[in-house]
Amino acid sequence: MADFKERKPRAFDDIRTLPDIIEMLKTQFHSKKLNIKYSIDRMEARINEYLEDNTVMLVTDQEYTPEDTITVYGLLDKYFEIDLKVVETRGPGYFRCRIVSMRKASRGRRDLRFKVSPEKVIATNFKISKHTIDITNFTIPTSIKVIIEQFQSQQARLADIFKVDVFQPGDPIIERVKKTQKTVYVADFSNPDSLAPENDNFIDLRDFLGDEAGLYLKKGVERGYKSLIISPVTYITQSEQPIPFAYIQAISKKETLPIDKVLEIKELGFALMDRIRDANTLMVPVHQQIMDISLGGAKLLLSDENLKKYVIHSKGFVFDIVFKLQAPITIYGEIKFTFNDSAGNLYVGVDFAGNSSRKDEMKRFYSIIKPMEIEYKNRLIKEMKQIGRASCRERV
């Protein structure tokens, strides 16, 4: 049995009674095949007999050896699953089962999914984060902390007090910087007007401090402060989601800091973010197989050990989809599920949640996939017609 882990569980409803389930199977799946969930290659199954005690005879691959429960799935107007309890094994791939339950997806699948071969399309150039930055638990990998410390040491000359640190609770102003992702700039502690924001990108310290604004300036002067800059550093994930995780603080005791220094500090923040992202990104240029694909997602077969090591702990990754005779299409895949087969391969289901900044990238992807989808639909219709004609001849 595969080790299956579903990251984004499907929403189900419309649970039917046993007579409803049996009637649906008899009338709508008489000539259609079901699939066995958690099987590697979408193993097919068919119910060929309905017994008087409301059990059913399930026929599938002779090599299939289930545990005590088999989950089959199919597609009518919406995706559905049926849980079957194995009552008796009659022979290889032949089981008498009791229907336990049925559930139907609350909404239909967005796109048709179909199998593809490595000759037509492959996945390559994987970019995946080595570590997850969790700001809710203030979890920053040691390797990233080292980069921050090195960066602080290299830029220490920029101010009398120069500090780069991750956001921690305790200081109300620092917490405000994290929440708003705006900059604190006090040009001159001896001038109350310095608490007014330059524009919407700055925190209004007059409004935030209220009656304590004067005391704040007074304490700054007592400490010998002339100017203060606190600028947030935002990490951008592979899925292009911003994570406010650190800040740069510059305090001058000798002279006031002009607005140009604020811009310089912000540029340093971007440079630090790029350095962290580069150090935290693993590039794996191997070719991996795409098992099936749709307009909205794909199932990948990963055999590369280095790739499997990091994917299993990741929320998603960037990779290239390369169709035959086409330029690569860069896409971000959000992981929906993972499972391992007995050979140690990792299967990963992803939703396409974003793409690269190359112009019309997804438009080009759709232009390639759409004809393949139409061809697959036509083939399905043809096969269903052939099965229907064969069924009619059997009844005659």
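Note that the coordinates shown come from a computational prediction; the quantities given were computed from them, not determined experimentally. (Residues numbered from 1 in each chain as written. Predicted model: local features only at pLDDT ≥ 70, side-chain atom pairs only at ≥ 80, totals over all residues. Heavy atoms only, no water.)

Observations concerning the overall build of the protein chain
Selection criterion: Runs of E in the DSSP output that reach at least two residues are strands. Runs of H or I that reach at least four are helices, and both are numbered from the N terminus. Each residue gets one of three labels from its accessible area relative to the maximum for its type: buried under 20%, exposed over 50%, partly exposed in between, using a 1.4 Å probe on protein chains only. Residue contacts are defined here by distance: any two heavy atoms, one from each residue, within 4.5 Å place the two residues in contact.
Helix and strand counts for the protein chain stand at eight helices and 20 strands. Counting over 396 residues, the protein chain shows a buried share of 43%. Across the protein chain, the fraction of contacts at a sequence separation of at least 24, relative to all contacts at a separation of at least 6, is 65%.

With respect to the sheet that holds strand β11 (residues 161–166)
Basically, it comes down to this: DSSP bridges decide pairing: two strands pair if at least two such bridges lie between them. Axis definition: a line fit to C-alpha positions, over the contact stretch in the case of helices; interaxial angles, taken between N-to-C directions, run 0 to 180 degrees.
The four strands lie next to each other as β11-β14-β13-β12, forming an open sheet whose pairing is antiparallel. Lying at the two open borders of the sheet, with one neighbouring strand each, are β11 and β12 (184–186). For this sheet the average axis-to-axis angle between neighbouring strands, irrespective of direction, equals 15°. With three bridges connecting them, β12 and strand β13 (residues 227–236) associate as antiparallel partners. Bridge pairing links Tyr185 to Ile229 in β13. Across the sheet, helix α2 (residues 142–154) lies against β11 and β14 (242–252), angled at about 170° from β11, the strand it touches most. Sheet strands touched by helix α6 (residues 259–279): β11, β12, β13 and β14. Its angle to β13, the strand with the most contacts, is close to 30°.

So, the packing of α2 against α6
For any two helices packed against each other, one specifies the crossing angle of their axes together with the interaxial distance. Worth spelling out the cut-off: Crossing handedness is defined as follows: a turn of the near helix away from the far one that is anticlockwise and smaller than a right angle gives a left-handed crossing, while the clockwise case is right-handed. Residue type decides the class: Asp, Glu, Lys and Arg count as charged, Ala, Val, Leu, Ile, Met, Phe, Trp, Tyr, Cys and Pro as nonpolar, and the leftover types, Gly among them, as polar.
Where α2 contacts α6, the axes come no closer than 10 Å and their chain directions differ by 145°. Where α2 crosses over α6, the handedness of that crossing is right-handed. In contact with Ile144, Ile147, Ile148, Phe151 and Gln154 of α2, α6 contributes Leu268, Leu272, Arg275, Ile276 and Ala279. Across the contact of α2 with α6, the residue classes tally to eight nonpolar, one polar and one charged.

Let's talk about the pattern of salt bridges
Convention followed: Salt bridges, as used here, are contacts in which a Lys or Arg side-chain nitrogen is within 4 Å of a carboxyl oxygen on Asp or Glu.
Under the criterion given, the structure shown has 13 salt bridges. The salt bridge partner of Lys261 is Glu264, with a shortest N-O separation of 3.3 Å. Here Lys261 and its partner Glu264 are both found in helix α6, three residues apart, which amounts to about one turn of the helix. Look at Lys261 and you get buried, because its relative accessible area is 18%.

Thoughts on α6
Basically, it comes down to this: Expected span of a helix, by definition, is 1.5 Å for each gap between consecutive residues, and there is one gap fewer than residues. Relevant arc is that of directions from the helix axis to the C-beta atoms, nothing else.
Compared with the 30 Å implied by 1.5 Å per residue over 21 residues, the 31 Å span of α6 between its first and last C-alpha is a close match. Restricting attention to buried positions, one finds in α6 the residues Lys261, Val262, Ile265, Leu268, Gly269, Leu272, Met273 and Ile276. End-on view of α6: buried residues confined to an arc of 145°, all on one side of the axis. Of the exposed residues in α6, the ones pointing more than 90 degrees away from its buried face are Asp260, Leu263, Glu267 and Asp278.

Things to note about the packing of aromatic side chains
Rule in force here: For Phe, Tyr and Trp, rings pair up if their centres lie within 6.5 Å, where Trp contributes its six-membered ring, and each pair is then called stacked (planes under 30 degrees apart), edge-to-face (over 60) or tilted (otherwise).
Considering all chains together, one arrives at 14 aromatic pairs under this definition. Geometrically, the ring pair formed by Phe167 and Tyr247 is tilted, given 5.5 Å between the ring centres and 35° between the ring planes. Pair noted here: Phe167 is in the loop between β11 and α3 (172–180) and Tyr247 is in strand β14, with a separation of 80 residues, a long-range link. A relative accessible area of 5% means that Tyr247 is categorised as buried. One aromatic cluster in this structure is built from Phe323, Phe352, Phe365 and Tyr366.

Describing the nonpolar core
Note the threshold: Remark: nonpolar core denotes a set of buried residues (Ala, Val, Leu, Ile, Met, Phe, Trp, Tyr, Cys) joined through side-chain atoms within 4.5 Å.
The biggest cluster of nonpolar side chains holds 34 residues, and the ones touching the most others in it are Ile293, Phe317, Ile321, Phe323 and Phe365. Considering every element that reaches this core, the biggest residue donor is helix α8 (residues 361–395), with six residues. Leave out the neighbours within four places in its chain, and Ile321 touches Val121, Ile122, Ile290, Ile293, Ala327, Pro328, Ile329, Ile331, Phe352 and Phe365. One finds Phe151, Ala159, Val166 and Ile276 within the second-largest nonpolar core, a separate group that totals 26 residues.

Some thoughts on the environment of Phe339
Along the polypeptide, Phe339 turns up in strand β19 (residues 329–340). On the basis of relative accessibility, which here comes to 3%, the residue Phe339 falls in the buried class. With 301 residues separating them in the primary sequence, Phe339 and Tyr38 have C-alpha atoms 8.0 Å apart.

Remarks on the pairing of β11
Along any regular strand the residues' side chains alternate between the sheet's two faces. Of the two faces of β11, the one holding Phe162, Val164 and Val166 is buried and the one holding Ile161, Lys163 and Asp165 is not buried anywhere. Where β11 meets β14, six bridges bridge the pair, whose relative direction is antiparallel. From the neighbouring strand, Val166 faces β14, where its bridge partner is Ala246.

Comments concerning the confidence of the model for the protein chain
Keep this limit in mind: Within a predicted model, pLDDT stands for the predictor's per-residue confidence, ranging from 0 to 100.
Mean pLDDT for the protein chain: 84, with 86% of residues reaching 70 or above. When pLDDT is averaged over each element of the protein chain, β12 comes out on top at 95 and strand β1 (residues 3–6) at the bottom at 56.

A word on unusual backbone geometry
Note on backbone geometry: most residues besides glycine have negative phi, and most peptide bonds are trans. We note that Asn54 has phi near 70°; this positive angle belongs to a residue other than glycine. For Asn54, the location among the structural elements is in the loop between β4 (44–50) and β5 (55–60). In this structure Asn54 comes out as partly exposed when scored by relative accessible area, which is 37%.

Focus on the pairing of strand β8 (residues 94–105)
Pairing geometry for β5 and β8, over five bridges, is antiparallel. Each bridged residue has a counterpart across the sheet, and for Leu58 the counterpart in β8 is Phe95. Where strand β7 (residues 79–91) lies against β8, ten bridges are found, and the strand directions are antiparallel. Bridging from a neighbouring strand, Lys85 pairs with Arg98 of β8. Turn length for the β7-β8 hairpin, with the two strands adjacent in sequence and antiparallel, is two residues, and the turn residue Gly93 shows positive phi of about 70°.

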